Structure formats: C-alpha cells, structure tokens
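Overview (structure and organization)
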Amino acid sequence: MWREDARAMRTAGVNIVSLAIFSWARLQPDEDVWDFAWLDEVVDLMHEYDIAVDLATATASPPPWLTTAHPEILPVDREGHRLWPGGRQHWRPTSPLFRRHALRLTRELAQRYGRHPALVAWHVSNELGCHNVHDYSDDAASAFRTWLRARYGTMEALNQAWATAFWSQHYSDWEQILPPRLAPTYPNPTQQLDFRRFSSDALKDHLRAERDLLVELTPHIPVTTNFMVTGESNGLNYADWAGEVDFVANDHYVTPGPQAYDELSFSANLTANLAGGRPWFLMEHSTSAVNWQPVNLPKRPGQLIRDSLTHVAHGADAVCFFQWRQSAAGAEKYHSAMVPHAGEDSDVFRAVTDLGATLRALASVAGTTRSRARAAIVFDWESWWAAELDSGPADRLRYRQEALDWYTAFLDLGLRVDVVPLDAPLEHYDLLIAPILHVVPGVLADRLRAYVEAGGHLATTYFSGIVDEHNHVWLGGYPGALRDVLGIRVQEFAPLTDDQSVGLDNGATGTLWTDRIDLTGTDTEILARYTTGDLAGRPAVTRRAVGDGSAAYVSTRLGPTGLSTVLAVLAERAGVHSELPDGLRGHVELTVRGRHRFLISRAQRPVDTLAPDLPPGPRVADGKDAEGSPLGTLLLRTSGVTIVRVPADDPGPER
Ligand code: GLA
C-alpha cells in the first residue's frame, strides 16, 4: 500500500511526513537485532515522491522485550501501582536504564538516516509526558531528591520552603523524602508544587539527552518535539521548554463546546508566543473526530480548513495531521485520518486535498512573523499548578478556563490579543491581563508594579498575587503581592457554592468566587459593585490609576459575557481599540502575519467571513484592490476564512 499512499499524498499536496514515531519494536525486535529495511524503503519512497521526512527517534514506546527483561523501567502511579505495557508510553522519565536504551536507538537512527536527503527534522520521542508525566517510582524518588538538593542546597532550606513544621513533616535526611504518593490526606502543598516542577524538568532532561546526541551526530538537522498546548493538558511547563528545541511544534485537538473555536485560537496564539513570534509547526491535529473524548464528534463541513488556517494565522508554517491512513485495527482505528476508512472517495480526503491546494496558494505567508497585538493575556504554568492544588478555598477553580474566558471576551469585542508566557516582553503591551496569577514571587511583583508605573494597564483577578515561589502566602491581607499596586485589601476569600451566584451593578453575574474588598486609597475607583448576596453594595471590580497607568481587579468569575463588559471599559481607558469594522466585530477573529490579515469565522459552522448575511461591513472584490477598505487586497477566500494583503507601505500593526 505504501506506493499507493505516496501517490495519494502527492494528490493531497502533502510535502512532509512524520515517520516511525511508535516503531521501536519493529526497528529493534530484540536487544541486539535491528531491522531498518522497511524504514529504508519508506524513507526512500518519500524521497522519490519529493516528500520530506521529519523522522522520529522512535523512543516513545518501549518494546515488549525491553519491559519483559527490565520491568523496572515501568512507571508507578501515586497509589504504588505499576503501569503495565500493552498501551504506550509505559516508561519512567527518570529510569537510567530506559534512557540508555532510548539513546542507543537514537544513535542508530541518527547514524543511519542523518545524511538521507529526505530528512529535514528530528522528532524527539512523541508528546513527552502525555501519559507518563507523573511517575512515583523509586527512580523518580531518587531523581526528585537530586533535584531538590540542587534547588535548596540544604535540608534546612527545604524544611523552611515546605513548611515542614506543620503536621510533623520535618525531614532530617534527604533519603526520607518521597514524591507526593497517596497519603491519608493532602500531601504537603509545596512538595506537590515542587513535584510538578520536577516532573516537567525530568522529561525536559530526557528531551535534552536525545537532542544533545542528535546535535552531536547530525548538527545540520533541526530538532523538535511535539508540545501539547491543548485543552487542560498541563503536565509540562512549555514556557520553560520552548528554548530547548530548534523550532516549536504543537499538537492540538478541538475541545467540543461553545468555546471550541476560541480554545483552538487561544492554543495557537500561546504556541506562537512560546515560539517568540517565530513560525512554528502544527505537528498534529485531526481531520475529523478523535477517539478519546467521551463522545467523538466529526468536524462540520468547512471546519477542517478553517481550523487549519487558524493555526496558520497564528504563525504555523506547517499543518500536519495525526494520521495519514485510518487503520483497520489497533487502538486508534476510530480516530479520523487524512485517508479515512471510506477511502479517497470521501469528503474528508477531498477537504484534505483542498487544504493542500490552499496552503500552496498561501506560499507567501510562510516564513512571515505573526504581528504583536497591543493587549496580552499572561499565561503561567506555575500559577496553573498551584491554584488548582487540593486544600484550597474552592476545588472548582479552573486556571485555563478563566484565561480562555478573557480571550473570548477579547474576540467578542473584536480586539486582537496575544497569549504570552511570563518571560515575554510585557512592557510592549498597553493592556495586560493576568488571570488567576496565583504565584507571584517578589521579583514578579516588582516587575508588574514597574509596568504599571511606566504607564501600563494591568488587570488581574481573584486568587492572584496570593503566594510566593515557595507557595507561602504573602501576609497582611490579600492579594499580598499586588495589594499596594491594586489599592485594595481582602481579609477573607468568599468562594461560592455551585448553586450560588451574585449580581453586579454593570449587569454581569458572578459565580465561583467573591472577595470582600476594602479600598486602601482614594485613588482606587469602583468599576462595579455587587448588588446581591452578603457583599451587596461592596466593590466587585476596582481600578486604581497610577500616573498614566492603572491596575484593575476582578473579584469574581464573570465568564466571557460579563468579562466583555469589564474589558470594554479597561480597553477603552488603555486606548486599545478594535481594528475590525463594526459589522465584523465578534463574528470574526482578526490575526495579522506580516502583510497578511486573516479574518476567520468564529461560528461553530464556519460561514463566509464577509458574507452578505453578516451585518454591513466592507467588501473586498476578488483579486482587486478594495477601494477605501481598511482590509486590503484579497488573497484568499475560503470556508470561514478571508485573507487579505495590505500594501507594503502600510506600516500595519506593530511587529
Ligand atoms: C496524540 C498522539 C498521537 C495520537 C493522537 C490522537 O496526539 O501523539 O499518536 O494518539 O494523540 O488524537
């Protein structure tokens, strides 16, 4: 079937494939037996058809002979159960033995294919940490101790950081320290946070080990690995990982629901900013349904191309899918593919072929840089981890959902926004939203204060500025680290139960959380008050003017609609305006890459972004200059997506 596949790939416009990702058992059928003949044939075939190869190091899933001989490489869950082979990714990130075997395979592949003309990139492992990020084995315990020694230096510093005076946890020897295995009740919260940090670092270490070997053997071939900036996947701190690869690659799968499109755009946006604005690589998404959600919905007509081009709009220079041909058997036989069970005579394959032609027509976009917006949402993995730990004020709090709700509010108002890691140049933004920025070390507090004092407009929310890097509360009233800059003080959290909600005098409704806010200065104004509940009449949303800048606080969960009411005021005061004509605001997302402007339909069923049934807006004539239009020259108009090019002398939004 392989030659048939190569031909169909050309039909579809495929010019790159990822190969051998889960092929360890076929490449090395036994410890000292190698079989590369089949892979030689595939790689040669791809080259013959002018299709480039992103070759996996194939270490993602160890073969049965290895786990049978060495069950000590298998991961262990927090209850002490060994996770058995039979699925995939059944290995301990910290197993020295696994590492040795993985590097042996990596070396063999690099030596064999490093000079092959089809090879354009190395693909380290696959979705590191997808299933094995938190391993509680003895190898993990030992590596955790080494990691903690490096972080704290002395036993005393660790005891201090972990506050082990509480609940009789004081350690007198490093050997006493364990991963936060299942205990009768909550394990130490700083231990839990450190274990999240350690687990991310442990897999980063694995990535580095394979990468360093590849760089040594084939310095001319760039190295990547596929991140999972998608949904609630939060095992790895990608802000910390992005610098480890030659180019960022991401896998994204749609989360069904009312924010499905916005979540896709949010993930693409964040990936772009992890990549520092440079082009990145969409390594995986799906042509249609997946097979691992409770109910797996097929994509709607037009959705495949709209979803793909949203990634391109945010800087992707490659659009790849898992998987090429849908298999008749195996664990992913019900996962969509480029060639579905129905074969090439199918709507999916036709959509894939259309996409191939469209991407070819967009050649001028490739290599261009995604332009910066004037507003940003800060995204921080440490806050994500810490805010959602057990033993907090409310277990319903969802860090990424709050950030996504702000993102939806921006899109609803037709405002461009960047989703950025904390190490991004924050000072370039006029408006900065820091949702649930829970972990605020002193240096970050200083940085945010300096940002506001320099004229920046900061907004943050409930449960922000609460703890330092050791997960210790900043004392004296919440939100300790940001109390002064916000000009407020909160004595007690007042979270809400599921059946409670509160009204605000701006018409919004709050759920999940409230704070009893005291204003600490005359320069703090009240943007909205509670109208119902115990806090009726008290401030719900505040804003303190600081010179030309300001610091605002939203004390409850408002959801996208309530947030857009607040955001409209904050953006107006920050001088951040929509670049979209009135009629398109909220209906489409505007994204800018170099001279290209992408207008993308946010509808569940993609509609023509400039269709006559939308409220009046500018029109562009196919292939001609749109006279008097702020949009530009039409480059492409397809399902749910319009792309225009602005003249070279139009400075456009800031890069
Ligand atoms: C992940 C993996 C793929 C495949 C897809 C299915 O992204 O990397 O191998 O299992 O999920 O959606």
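Residues numbered from 1 in each chain as written. Predicted model: local features only at pLDDT ≥ 70, side-chain atom pairs only at ≥ 80, totals over all residues. Heavy atoms only, no water.

**Quick look at the UniProt feature "domain: Beta-galactosidase trimerisation" (unreviewed entry) in the protein**
Cross-referencing UniProt, the feature "domain: Beta-galactosidase trimerisation" (unreviewed entry) maps to residues 373-576 in the present numbering. Counted over residues 373-576, helix gives 26% and strand 26%. Its end C-alpha atoms are 9 Å apart. (UniProt positions renumbered as here; feature names shortened; annotations may be inferred. Helix = DSSP H or I, 4+ residues; strand = E, 2+ residues; numbered from the N terminus.)

**A few points about empty space enclosed by the protein**
Rolled over the atoms, a probe as big as a water molecule pinpoints where empty space is left. The final tally for this structure, using the stated rule, is 7 cavities of 30 Å³ or more. Here the largest cavity is characterised by a volume of approximately 70 Å³. Breaking the lining of the largest cavity down by element, the ones donating at least two residues are α14 (399-412) and β20 (588-593). Ranked by residues supplied to the lining of the largest cavity, first place goes to β20 with 4 residues. (1 Å grid on protein atoms, 1.4 Å probe; cavity = no way out; pocket = protein on both sides within 12 Å on 5 of 7 lines; lining within 4 Å. Points joined across faces, edges and corners; volume = space filled by probe spheres on them.)

**Focus: the site of the ligand**
The local shell around the ligand consists of F22, R88, N126, E127, D251, Y253, E284, W292, F322, E332 and H335. Within the side chain of Y253, a nitrogen or oxygen atom sits 3.5 Å from an oxygen atom of the ligand. Here the ligand has 310 Å² of accessible area as a free molecule, and 95% of this is covered by the chains. Per-class residue counts for the shell around the ligand are 4 nonpolar, 2 polar and 5 charged. (Near = heavy atom within 4 Å. Polar contact = N/O pair within 3.5 Å; in protein donor to acceptor, adjacent residues only side chain to side chain. Areas by Shrake-Rupley, 256 points an atom, 1.4 Å probe, with all protein chains shown as cover. Nonpolar A, V, L, I, M, F, W, Y, C, P; charged D, E, K, R; others polar.)

**Quick look at the layout of surface pockets**
The volume enclosed by the second largest pocket comes to roughly 540 Å³. Taken together, 26 residues form the lining of the second largest pocket, with P189, D390, S391, G392 and N471 sitting closest to its centre. Those elements that provide at least two residues to the lining of the second largest pocket are α8 (189-217) and α13 (381-387). For the lining of the second largest pocket, a count of residues per class yields 17 nonpolar, 8 polar and 1 charged.

**Description of the nonpolar core**
Among the nonpolar cores identified, the biggest contains 162 residues, and L19 and L39 are the most heavily contacted of them. Per-element tally for this core: the top contributor is α14, with 8 residues. F144, A161, I177 and F195 belong to the second largest nonpolar core, which has 15 residues in total. (Core = buried A, V, L, I, M, F, W, Y, C linked by side-chain atoms within 4.5 Å. Buried < 20%, exposed > 50% of the residue type's maximum accessible area, 1.4 Å probe, protein only.)

**What about the packing of aromatic side chains?**
Per the stated rule, a full pass over the model turns up 30 aromatic pairs. Arranged with centres 6.0 Å apart and planes meeting at 80 degrees, the rings of Y238 and W241 form a pair that is edge-to-face. Separated by 3 residues within a single helix, Y238 and W241 lie in helix α9 (residues 238-241), roughly one turn from each other. Across the pair, exposure class does not vary: Y238 and W241 are buried alike. When the centroid spacing of 5.4 Å and the interplanar angle of 65 degrees are considered together, the rings of F493 and W513 count as edge-to-face. Of the two residues, F493 is situated in strand β13 (residues 488-493) and W513 in the loop between β15 (509-510) and β16 (515-519); the sequence distance between them amounts to 20 residues. Of the residues examined, W513 reaches a relative accessible area of 0% and is grouped as buried. Among the aromatic residues, those joined into a cluster by ring pairs are F227, Y238, W241, F266, F379, W381, W384, Y399 and Y407. (Phe/Tyr/Trp six-rings, centres within 6.5 Å; stacked < 30°, edge-to-face > 60°.)

**Some points on the side chain of S308**
Of note, S308 is situated in helix α11 (residues 303-313). Judged by relative accessible area, which is 0%, S308 ranks as buried. A distance of 3.4 Å separates the side chain of S308 from the side chain of H285, its partner in a polar contact. When near neighbours in sequence (up to four residues on either side) are disregarded, S308 contacts H285, V319, F321 and L355. (Contact = heavy atoms within 4.5 Å.)

**A short note on the pattern of salt bridges**
This structure, assessed with the given rule, holds 38 salt bridges. Where R211 meets E244, a salt bridge forms, and the shortest distance between an N and an O atom there is 2.7 Å. Taken together, the positions of R211 in helix α8 and E244 in the loop between α9 and β6 (249-251) put the pair 33 residues apart, joining distant regions of the chain. Accessibility assignment for this pair places R211 and E244 in one class, buried. E263 is the partner of R400 in a salt bridge, and the nearest nitrogen-oxygen pair spans 2.6 Å. Residue R400 is located in helix α14, and its partner E263 is located in helix α10 (residues 260-274); the two are separated by 137 residues in the primary sequence. Comparing R400 with E263, the two get one shared label, buried. (Salt bridge = Lys/Arg side-chain N within 4 Å of Asp/Glu carboxyl O.)

**Description of the sheet that holds strand β7 (residues 280-284)**
Here we have 4 strands laid out as an open sheet, ordered β5-β6-β7-β8, and parallel in their pairing. Two strands in the sheet have a free side with no partner beyond their single neighbour: β5 (226-227) and β8 (316-319). (Pairing = 2+ DSSP bridges.)

**Quick notes on α14**
Here α14 contains 14 residues, and its C-alpha end-to-end distance of 20 Å stays within 8% of the 20 Å for a straight helix at 1.5 Å per residue. Counting buried positions along α14 yields 12 of 14 residues, so the element is predominantly enclosed. Among the residues making up α14, those that are buried are Y399, R400, E402, A403, L404, D405, W406, Y407, T408, A409, F410 and L411. The first or second residue beyond α14 is G414, which carries a positive phi of 70 degrees. (Expected span 1.5 Å × (residues − 1).)

**Notes on the sheet that holds strand β18 (residues 539-546)**
Read across the open sheet, the 7 strands follow the order β10-β9-β11-β12-β19-β18-β17; overall the sheet is mixed. A single partner strand is all that each edge strand has here, and the edge strands are β10 (418-421) and β17 (524-529). Neighbouring strand axes in the sheet, compared pairwise and without regard to direction, differ in orientation by 20 degrees on average. Judged from the 5 bridges that link them, strand β12 (residues 457-461) and strand β19 (residues 549-554) form a sheet pairing that is parallel. The partner of T460 across the bridge, within β19, is Y553. Contacts from α14 reach β9 (375-379), β10, β11 (431-434), β12 and β19 within the one sheet, and its direction differs from that of β9 by about 170 degrees. (Axes fitted to C-alpha atoms, helices over the stretch in contact; angles between N-to-C directions.)

**Considering the packing of helix α5 (residues 96-113) against α8**
Where α5 contacts α8, the two axes come as close as 10 Å, and the packing angle between them is 30 degrees. For the element pair α5 / α8, the angle class is roughly parallel. The way α5 lies across α8 gives a crossing that is right-handed. Counting all contacts with α5, which are made through F98, R99, A102, L103, T106, R107, A110 and Q111, the residues of α8 involved are A202, D205, H206, A209, E210, L213, L214, E216 and L217. Residue classes in the contact of α5 with α8 are distributed as 9 nonpolar, 3 polar and 5 charged. (Parallel < 35°, antiparallel > 145°, perpendicular 65-115°, else oblique. Left-handed = near helix turned anticlockwise from the far one by under 90°.)

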